[in-house]
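# Breakdown of the fold
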Amino acid sequence: MPRKAASKKRDVIVTGNWKMYKTIGEAKQFIENLAAQIQESQVKICLAVPFTALFPAAQLTKHLNTSIEIGAQNMNDATEGAFTGEIAAKMLKDAGASFVIVGHSERRHLFHETSAFINRKVKRALKDGLTPLVCVGETLEERKAGRTEEVLERQLTESLEGVDLSLVQIGYEPVWAIGTGVVATPSEAELAHLFCRKVLEKVGGKKEGSVPPILYGGSVKSENAKELIAQSAVDGFLVGGASLEPKSFYEIIQIAGTKVL
Ligand code: PGA
């Protein structure tokens, strides 16, 4: 998903992260339902589905001729090998994924993934033809201690070392807002996104088009999406809980669409 030239409007992206929810049948039903509603949408709509639903979901989007992109939620950094239970980028690509979430806070915290490991995954994803959606975000303790910027800078710099930034997307997800119902205020989100942009400009050497889209994630719902998308540095959303129902997900897409028009 290469970025457009700087003079053009930035893409608005809404990505659903289904986490460990939905069987194949449920995934197909959701996609059929959503595809019927989004025909006119200018928003780039993506769904990060469970591994088992990847192939059928990608086949279905092709069959329905819908622009919904299908991706995965995680991958290993190796091309292949004796890594029981892991999955390779080329397997995701082969199953029909166009993107992959890398470094989600649940992976960083529950599965102890480091930024160095995430950096290797980002490079592998790009080599094997997937767009990495790289997530960063501070914990509540870090925010309270005034360390938000330090944490974001470190995560971005280490996760994206040696990477062509025009080929990635960023998810800013404050850990304290994920799945908690506590959303960042619009100005907290804006300030964090502006800071991420500044760091990304530095990492990307200020090349034109080098600052990738930055999606906000963490308790996004139709009730709070309007104020968040109105912020200049918010390019879209990464939606967990509210992406599980076509109705709530579609409402968020419609709200995000107001930024495109
Ligand atoms: P949430 O999850 O919308 O349920 O807070 C967001 C995410 O984890 O990507």
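What you see as residue numbers is a count from 1 along each chain, following the sequence as written. Given that this is a predicted model, residues contribute local features only at a pLDDT of at least 70 and side-chain atom pairs are listed and counted only at 80 or more, while totals for whole chains, interfaces and linings are drawn from all residues. Note: side-chain values were computed over all heavy atoms of the structure, leaving out hydrogens and water.

## Digging into the side chain of Asp128
Rules: Working definition: helices are DSSP H or I runs of at least four residues, strands are E runs of at least two. Numbering for both runs from the N terminus. Using a 1.4 Å probe on the protein chains alone, a residue whose accessible area is under 20% of its type maximum counts as buried, one over 50% counts as exposed, and one in between counts as partly exposed. Lys and Arg are tallied as positive, Asp and Glu as negative. Neither His nor the chain termini are counted. We define a salt bridge as a side-chain nitrogen of Lys or Arg found within 4 Å of a carboxyl oxygen belonging to Asp or Glu. Any two residues whose heavy atoms approach within 4.5 Å at even a single point are treated as in contact.
Following the sequence through the fold, Asp128 ends up in the loop between helix 5 (115–127) and strand 5 (131–136). One buried charged residue, Asp128, remains without a salt bridge, the closest side chain of opposite sign being Arg124 at 4.3 Å. Sequence-distant contacts of Asp128, that is, excluding residues within four places in its chain, are made with Thr79, Ala89, Lys90 and Lys93.

## Side note on the side chain of Glu190
Worth spelling out the cut-off: Residues adjacent in sequence count toward polar contacts only when both atoms are side-chain atoms; beyond that, a polar contact is any pair of N or O atoms within 3.5 Å, and within protein one must be able to donate a hydrogen and the other to accept it.
With respect to the secondary-structure elements, Glu190 resides in helix 8 (residues 186–203). Although buried, Glu190 forms no salt bridge, and the nearest oppositely charged side chain, Lys259, lies 6.6 Å from it. A distance of 2.9 Å separates the side chain of Glu190 from the backbone nitrogen of Ala233, its partner in a polar contact. If near-sequence neighbours (up to four positions away) are discounted, Glu190 is found in contact with Gln231, Ser232, Ala233 and Val234.

## With respect to the confidence of the model for the protein
We apply this condition: The predictor reports its confidence for every residue as pLDDT, a score running from 0 up to 100.
Taken over all residues, the pLDDT of the protein has a mean of 94, while the share at 70 or more is 95%. Taken as a whole, residues 1–7 scores under 50 in pLDDT and shows 16 contacts with residues more than four places along the chain or in a different chain.

## What to know about the pattern of salt bridges
Summed over the entire model, instances satisfying the criterion amount to 14 salt bridges. A salt bridge links Glu153 to Lys202; its shortest N-O distance comes to 2.8 Å. Taken together, the positions of Glu153 in helix 7 (residues 148–159) and Lys202 in helix 8 put the pair 49 residues apart, joining distant regions of the chain. Of the residues examined, Glu153 reaches a relative accessible area of 27% and is grouped as partly exposed.

## A few points about the packing of helix 9 (residues 222–229) against helix 10 (residues 246–257)
Here is the rule we go by: Axis angles are defined between N-to-C directions and span 0 to 180 degrees, where every axis is a line fitted to C-alpha atoms and, for a helix, only to the segment in contact. Here is the rule for angles: anything less than 35 degrees is roughly parallel, anything more than 145 is roughly antiparallel, 65 through 115 is roughly perpendicular, and the remaining ranges are oblique. Two helices that cross are described as forming a left-handed crossing if the nearer one is turned anticlockwise from the farther one by less than a right angle, and a right-handed crossing if clockwise. Residues are sorted three ways: Asp, Glu, Lys and Arg are charged, Ala, Val, Leu, Ile, Met, Phe, Trp, Tyr, Cys and Pro are nonpolar, and all the rest, Gly among them, are polar.
In contact at an axis separation of 9 Å, helix 9 and helix 10 are set at 20° when each is read in the N-to-C sense. By the criterion of interaxial angle, the relationship of helix 9 to helix 10 is roughly parallel. Here helix 9 runs over helix 10; the crossing is right-handed. Along the contact surface, helix 9 presents Ser222, Ala225, Lys226 and Ile229, while helix 10 presents Glu251, Ile252, Ile255 and Ala256. Partitioning the contact of helix 9 with helix 10 into residue classes produces five nonpolar, one polar and two charged.

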